[in-house]
Amino acid sequence: CQLMAVLRNPQYIASIKEPAEKVQLAAVQKAPEYIRYIEEPTKKVQHMAVQGDPGVFRYIKSPSETVQLAAVQARGENIGYVSAPSEIMQFAAVRENPGNVEEPAEKVQLFVLHTDKKAAQLIRHPSEEVKRQAEEMYGVKLEGVAEIKNETETEAGTATSKDKDNADANEN
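Calculation rules
Residues numbered from 1 in each chain as written. Predicted model: local features only at pLDDT ≥ 70, side-chain atom pairs only at ≥ 80, totals over all residues. Heavy atoms only, no water. Axes fitted to C-alpha atoms, helices over the stretch in contact; angles between N-to-C directions. Helix = DSSP H or I, 4+ residues; strand = E, 2+ residues; numbered from the N terminus. Parallel < 35°, antiparallel > 145°, perpendicular 65-115°, else oblique. Left-handed = near helix turned anticlockwise from the far one by under 90°. Contact = heavy atoms within 4.5 Å. Nonpolar A, V, L, I, M, F, W, Y, C, P; charged D, E, K, R; others polar. Phe/Tyr/Trp six-rings, centres within 6.5 Å; stacked < 30°, edge-to-face > 60°. Lys NZ or Arg CZ within 6 Å of the ring centre and 35° of its normal. Buried < 20%, exposed > 50% of the residue type's maximum accessible area, 1.4 Å probe, protein only. Arc of directions from axis to C-beta. Core = buried A, V, L, I, M, F, W, Y, C linked by side-chain atoms within 4.5 Å.

### Some remarks on the packing of helix α5 (residues 87–96) against helix α6 (residues 106–115)
When two helices pack together, their arrangement is given by the angle between the helix axes and the distance between those axes. Contact pair α5 / α6: the axes reach a minimum separation of 9 Å and the direction vectors enclose 30°. Taken together, the axes of α5 and α6 are roughly parallel relative to one another. Between α5 and α6 the crossing geometry is right-handed. Mapping the contact onto sequence places Glu 87, Gln 90, Phe 91, Val 94 and Arg 95 in α5 and Lys 107, Val 108, Phe 111 and Val 112 in α6. Residues of the contact of α5 with α6, tallied by class, amount to five nonpolar, one polar and three charged.

What follows is the structure in structure tokens.
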């Protein structure tokens, strides 16, 4: 009865107190965002919802560690919804974008530094060791994202004149 109702309209899950796993699965299979209405979704339901739409991770109240990792692997910025993320989760998040982790562990910072010179400049709050290695390896001074954002904003102001110069050059 509950299963049939959810199959017809997945939003019906919101009105069911303690739905069985098969009812939970039916709801999130049709519409992953309805996990927000399930008080205590099973691990299987959590995984299905995140696989269907990694953005729904933020609605899961107490995600299992494996669901947290799957969500971060699928969408790096999901790490923002994980309290005290492990180094493994940090590695998964920075692979997509080094700026995804607010204060990455030094191992994670070094991984980014040794993987991609440009990405290394996106490290927030680089450690002294990472700063030293960046200067030694690439001759680059890492200041952290806040300072880089200010430089980028300044460069954005001059980008229009550069674009104009490029356009003028293309016309000739």
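### Examining the packing of aromatic side chains
Two aromatic rings, taken as a pair, are described by how far apart their centres are and by the angle between their planes. One pass over the structure, following the stated rule, counts two aromatic pairs. An angle of 90° between the planes, with centres 5.3 Å apart, marks the rings of Phe 91 and Phe 111 as edge-to-face. Here Phe 91 is found in helix α5, whereas its partner Phe 111 is found in helix α6, with 20 residues between them in sequence. Its end group placed over the ring of Tyr 59, Arg 36 keeps NZ or CZ at 3.9 Å from the ring centre.

### Quick notes on the environment of Glu 103
Turning to its location among the elements, Glu 103 is positioned in the loop between α5 and α6. According to the relative accessible area criterion, Glu 103 is exposed, its value standing at 60%. Residues Glu 103 and Pro 126, spaced 23 residues apart in sequence, show a C-alpha to C-alpha distance of 8.3 Å. Ignoring anything within four residues of it in the chain, the contact list for Glu 103 reads Gln 90 and His 125.

### Examining helix α8 (residues 128–138)
Those residues of α8 lying buried are Val 130, Gln 133 and Ala 134. Buried positions in α8, seen along its axis, are confined to an arc of 105° and lie on one side of it. What points out from α8, more than 90 degrees from its buried face, is the exposed set Glu 128 and Glu 136. For α8, the elements touching its buried residues are α6. Positive backbone phi, at 70°, marks Gly 139, one or two positions downstream of α8.

### Things to note about the nonpolar core
One finds Val 6, Ile 13, Ile 35, Phe 57 and Leu 113 to be the most contacted residues of the largest nonpolar core, which totals 40 residues. Elements that contribute at least two residues to this core include exactly α2 (21–30), α3 (43–52), α4 (65–74), α5, α6, α7 (117–120) and α8. Looking at this core, the element that brings in the most residues is α2, giving five residues. If we ignore the near neighbours within four places in the chain, the residues touching Ile 35 are Val 28, Pro 41, Val 45, Gln 46, Ala 49, Val 56, Tyr 59 and Ile 60.

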